[in-house]
Amino acid sequence: TFNLWNFGVSNNASNPAGANKSMYRDGLRFATNSSLDTNIQGNNANFLIGTGANSYHNGEIAEIIVYTSIPTALEQQKIQSYLAMKYGITLDPTNNNATIVEGDYIAADGITKPWDYTANSTFHNDVAIIGRDNATGVLNQKQSKSINTDALITMGLGTIAADNASNGNAFLATNDFLAWGNNGTVALGTTTATLLCSPEKTLNRTGKLSKQVPLAL
């Protein structure tokens, strides 16, 4: 299982978690600690990722982003959104911070919502997004599928290539996004009902597409 992890450590509680130390998984804050760890202070200490004194991470790491300053709740959500869109991860909507809407996917401009949780909460499962965000300088997601094992739908701009980099098509404008999700029922579960004159099977799973069109400035 792959997840989006972020960890925060600071010498005060003026941060999105309101605690000295915090841990998030797929946008969900699941652990905090208000004790100050003096071992992390100073400019001459080693900073280790994936290893410690007597242990190491035995797995894959797709991408690491390190910030030297403390992000605001919105800035943290933009970082989480960028990674979630890039890797097909559904952000957790649990409300841990009243200043943002958890579950929203926010573009780098802090305004554009490729996926609006409030409008799409019923379908906030297996969320995936394609689109372009010039403000990040790096997001050009031309095809995607949710990383979840029960996801069925892959969408791409013009084609479905072997991977995102191999898709030769291009979005014409920044903040041009197409997002989708489903209602979370069993992937191929069906209901039999009589339509017109004979029984028909319909899928219990329904989905929703959400198109974000760039604003003309």
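Now for a quick tour of the structure. Throughout this document, residue positions are counted from 1 along each chain, in the order its sequence is written. The predicted nature of this model means local features are confined to residues of pLDDT at least 70 and side-chain atom pairs, given and counted, to a pLDDT of 80 or more, with totals for whole chains, interfaces and linings taken over all residues. Side-chain measures here rest on the full set of heavy atoms in the structure, leaving out hydrogens and waters.

### Some details on unusual backbone geometry
Then, number 1: Unlike most non-glycine residues, Asp 26 shows phi in positive territory, near 55°.
Then, number 2: In this text, helices come from DSSP runs of H or I with a minimum length of four residues, and strands from runs of E with a minimum of two, each type numbered from the N-terminal end. By the element assignment, Asp 26 lies in the loop between strand 2 (21–25) and strand 3 (28–33).
Then, number 3: Positive phi, normally seen in glycine, also occurs at Asp 126, with a value near 55°.
Then, number 4: Residue placement: Asp 126 occurs in the loop between helix 2 (117–120) and strand 4 (128–133).
Then, number 5: Only protein chains enter the calculation, and the probe is 1.4 Å; a residue is then buried if its accessible area is under 20% of its type maximum, exposed if over 50%, and partly exposed in between. Judged by relative accessible area, Asp 126 falls into the buried class, the value being 7%.

### Some thoughts on the packing of aromatic side chains
Then, number 1: Side-chain rings of Phe, Tyr and Trp (the six-membered ring for Trp) are treated as a pair once their centres are within 6.5 Å; stacked means planes under 30 degrees apart, edge-to-face means over 60, and tilted covers the remaining angles. The tally for this structure, following the rule as stated, stands at two aromatic pairs.
Then, number 2: Between Trp 5 and Phe 7, the aromatic rings sit 6.4 Å apart at their centres with planes inclined by 0°, giving stacked as the arrangement.
Then, number 3: Ring geometry for Trp 5 versus Phe 30: centroids 6.0 Å apart, planes at 75°, classification edge-to-face. Within this pair, whereas Trp 5 is found in strand 1 (residues 5–9), its partner Phe 30 is found in strand 3, the two being separated by 25 residues in sequence.

### Remarks on the pattern of salt bridges
Then, number 1: Each salt bridge in this description consists of a side-chain nitrogen of Lys or Arg and a carboxyl oxygen of Asp or Glu lying within 4 Å of one another. In this structure the tally under the stated criterion is five salt bridges.
Then, number 2: Here Asp 176 and Lys 211 are joined by a salt bridge, their closest N and O atoms 2.4 Å apart. One end of the pair, Asp 176, is in strand 8 (residues 176–182); the other, Lys 211, is in strand 11 (residues 207–212), and 35 residues separate them in sequence.
Then, number 3: Overall, the relative accessible area of 16% leaves Asp 176 in the buried class.

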